[in-house]
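Observations on the model geometry
What follows is each chain in one-letter form.
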Amino acid sequence: MTTLEKIVSLTKRRGFVFPGSEIYGGIGGIYDLGPLGVELAGNIKTAWWENIVRKRDNIVGLDSSILMNQKVWQTSGHVESFADPLTECKNCHLRFREDILPKDKKCPNCGKNNWTKPQMFNLMFKTHIGPVEDKASETYLRPETAQGIFVNFRNVVDTMRVKLPFGIAQIGKGFRNEITTGNFLFRVREFEMMELEYFIFKDQSEKDFDYWQKERMNWFISLGIKKQNLRFREHKETERAHYATRSVDIEYNWPFMEWGELEGIANRTDFDLTAHAKASGQDLSYFDEEKGKKMVPYVIEPSVGVGRAMTAFLIDAYHEEKDRIVLKLHPKLAPVKIAVFPLLANKPDLVKKARSIYQLLTTNYQLLPVAWDDRGNIGKRYYAQDEIGTPFCITIDFQTLEDDTVTIRDRDTTKQERVKIDKLAKTLEEKFS
Ligand code: GAP
């Protein structure tokens, strides 16, 4: 059975994810990405960007700052409403999020059921801009990237010749001082988000909402997540964020909580643009040429955390077989695409030939990164590559020196085929397409 503990252990021992500030005992709800984690997260972000921005002629990208004028957060409603109910166990004095306590309301730490009255706790990290620490210099680390999009709405409309419906997409860090963190990267205090604000005509809200629901669900499935592990869940009115009139989660069947949010899709209406226009005195409307008048667009927002998506991709890809653990990651996501091995490290002819193939793959193909491994026996090398999800391993053996062929081993089937070196590029291209 795939458990979160197995994923945490694999990602630590293979250099995907490390606890933040580990040598000092860690820091709650903060993780660092190791060499393979950077590649995996990068591949997830690239796949999202390609699907959302590059393949569409009506969506553009943005990279706004993490720090913004404090008025942004006052106007967006985050200062007032971006809060969770906090309660304290009167027995052990640990604090928890009241709305996600276990059903029996027993303290997860000491088991008693004796709580203080919940109080709303704002999740934004406060800081100051400049050397003076007063009210005027106060601001927050952004808890969502979306506000950077809304405050740049005018800039994009004026510079990009966009026509409604159109979208502005952004990938960047978000920070939330979560009361209760946990379940690895599922709920952390610093994380990357991939957000799209899709600006539309109000009367198209339902149609566009449905469209994005399907698009986003299909994206996860196209990258290998099993259909049966995904579902939609409509939010009740009481659950919705202060800005949303409709929210649907794409839920994943997590091993630690069964179904839970993977991605959120919300109808934010014209709430944000209207509020910012009023507070800033700027015109944040769009001129509807057909109707010959100005209007404020509605917004459909699909939003997902990179780390949360990464956790789902890892869990879904994790397989234990008789004599190996294998991450059956989609080749597009795999942190290493190909590994090259000389059969024996102490045979200079084999190593030289293998090096030339490594060179060929890294310089001529766009299938990077390619790993080189000449340590231990071949079985151990396959085992290590399976655990990190490398789709293909190429071995250079004694036959290679005779007939210029190499073996390609398939991660999922473990089958090996022999191909001529001059056909290697084409064969790999076909396998990755
Ligand atoms: N702009 C919309 C927004 O922020 P959200 O549902 O609060 O909506 C969007 O967050 C997504 O960000 C979630 O679906 C989840 O994937 C991710 N996310 C939210 N809080 C997180 C946390 N504390 N740790 C990791 N990922 C988180």
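Residues numbered from 1 in each chain as written. Predicted model: local features only at pLDDT ≥ 70, side-chain atom pairs only at ≥ 80, totals over all residues. Heavy atoms only, no water.

Turning our eyes to something else, we now look at the site of the ligand. Glu 144, Arg 176, Glu 178, Glu 195 and Glu 261 are the nearest of the 21 residues found near the ligand. Interatomic distance of 2.8 Å between a backbone N/O atom of Leu 262 and an oxygen atom of the ligand. For the ligand, whose unbound accessible area comes to 560 Å², protein coverage reaches 91%. Of all the secondary-structure elements, those providing two or more residues to the shell around the ligand are strand 10 (190-200), strand 13 (258-269) and strand 16 (298-305). Broken down by element, the shell around the ligand gets its largest block of residues, five residues, from strand 13. Of the residues assigned to the shell around the ligand, the class counts are eight nonpolar, three polar and 10 charged. (Near = heavy atom within 4 Å. Polar contact = N/O pair within 3.5 Å; in protein donor to acceptor, adjacent residues only side chain to side chain. Areas by Shrake-Rupley, 256 points an atom, 1.4 Å probe, with all protein chains shown as cover. Helix = DSSP H or I, 4+ residues; strand = E, 2+ residues; numbered from the N terminus. Nonpolar A, V, L, I, M, F, W, Y, C, P; charged D, E, K, R; others polar.)

With that out of the way, let us pick up the UniProt feature "binding site: substrate" (unreviewed entry) in the protein chain. Listed under "binding site: substrate" (unreviewed entry) in the UniProt record, and renumbered for this structure, are Arg 97, Glu 144, Glu 301, Pro 302, Ser 303, Val 304 and Gly 305. Taken together, the annotated residues stretch across 209 residues and extend over separate regions, lying up to 25.7 Å apart by C-alpha. A polar contact is formed between the side chain of Arg 97 and the side chain of Asp 84, at a distance of 3.4 Å. Within the fold, Gly 305 resides in strand 16. Looking at Gly 305, the relative accessible area reads 16%, which means it is buried. (UniProt positions renumbered as here; feature names shortened; annotations may be inferred. Buried < 20%, exposed > 50% of the residue type's maximum accessible area, 1.4 Å probe, protein only.)

Let us look at the packing of helix 2 (residues 35-54) against helix 7 (residues 205-222). Packing of helix 2 against helix 7 brings their axes to within 12 Å, and their N-to-C directions diverge by 145 degrees. For the pair helix 2 and helix 7, the crossing hand works out as right-handed. Residue-level inspection shows Ile 44, Ala 47, Trp 48, Asn 51 and Ile 52 of helix 2 in contact with helix 7, the latter providing Trp 212, Arg 216 and Trp 219. Along the lines of polarity and charge, the residues of the contact of helix 2 with helix 7 split into six nonpolar, one polar and one charged. (Axes fitted to C-alpha atoms, helices over the stretch in contact; angles between N-to-C directions. Left-handed = near helix turned anticlockwise from the far one by under 90°. Contact = heavy atoms within 4.5 Å.)

Hydrogen bonds between backbone groups are what pair the strands of a sheet, and the pairing can be parallel or antiparallel. Reading across the sheet, the five strands line up as 20-19-21-22-23 and stay open at both edges, with mixed pairing between neighbours. Edge positions in the sheet fall to strand 20 (370-372) and strand 23 (416-420), since each has one partner strand and no second. Each strand of the sheet is rotated relative to its neighbour by a mean of 25 degrees, with strand direction disregarded. Where strand 22 (residues 405-410) lies against strand 23, five bridges are found, and the strand directions are antiparallel. If you follow Thr 405 over to strand 23, its bridge partner there is Lys 420. (Pairing = 2+ DSSP bridges.)

Attention now moves to the sheet that holds strand 11 (residues 230-234). Read from one edge to the other, the open sheet built from seven strands follows the order 3-9-10-16-13-12-11, with strand pairing classed as mixed. In this open sheet, the two strands that pair with only one neighbour each are strand 3 (59-62) and strand 11. Going from strand to strand, the sheet's axes swing by 25 degrees on average, the running direction of each strand aside. Examined bridge by bridge, strand 11 and strand 12 (residues 246-254) share five bridges and lie antiparallel to one another. Its bridge partner lying in strand 12, Leu 230 is registered against Tyr 252.

Under the UniProt annotation, "domain: Aminoacyl-transfer RNA synthetases class-II family profile" (unreviewed entry) lies at residues 5-335. Between the C-alpha atoms that bound residues 5-335 the distance is 21 Å, and the span itself is 28% helix and 30% strand.

Right, let's get into the domain arrangement of the protein chain. Under the domain assignment, the protein chain is made up of domain 1 (4-67 + 144-316) and domain 2 (338-432). When each unit is reduced to the centre of its C-alpha atoms, the spacing between domain 1 and domain 2 is 37 Å. In this complex, domain 1 contributes six residues to the contact, which on the side of domain 2 involves five residues. For the pair domain 1 and domain 2, the summed buried area comes to about 450 Å², and 56% of that belongs to carbon and sulfur atoms. At the junction of domain 1 with domain 2, the criterion picks out two salt bridges. Taking the shortest distance from any N to any O, the salt bridge between Glu 387 and Arg 13 comes out at 2.6 Å. Where domain 1 meets domain 2, there are two residue pairs in polar contact (both at pLDDT 80 or more). Elements with a contribution of two residues or more to the side of domain 1 that touches domain 2: helix 1 (4-13) and helix 2. Residue composition of the side of domain 1 that touches domain 2, grouped by class: three nonpolar, no polar and three charged. (Domains from an automatic or database assignment. Buried area = accessible area lost by both parts, 1.4 Å probe. Salt bridge = Lys/Arg side-chain N within 4 Å of Asp/Glu carboxyl O.)

Before going further, it helps to examine the nonpolar core. Trp 48, Trp 219, Phe 220 and Phe 313 are the most contacted members of the largest nonpolar core, which totals 60 residues. Counting contributing residues, this core receives three or more from each of domain 1 (4-67 + 144-316) and domain 2 (338-432). Core analysis: the second largest hydrophobic core is formed by 21 residues, Ile 338, Leu 350, Leu 424 and Leu 428 among them. (Core = buried A, V, L, I, M, F, W, Y, C linked by side-chain atoms within 4.5 Å.)

Right, let's talk about the environment of Asn 377 for a bit. Tracing the backbone shows Asn 377 in the loop between strand 20 and helix 11 (378-388). A relative accessible area of 45% means that Asn 377 is categorised as partly exposed. The spacing of Asn 377 and Ala 345 is 32 residues in sequence and 9.2 Å in space, taken between C-alpha atoms. There is a polar contact of 3.0 Å between the side chain of Asn 377 and the backbone nitrogen of Gly 379. Among the polar contacts made by the side chain of Asn 377, one reaches the main-chain amide nitrogen of Lys 380 at a distance of 2.8 Å.

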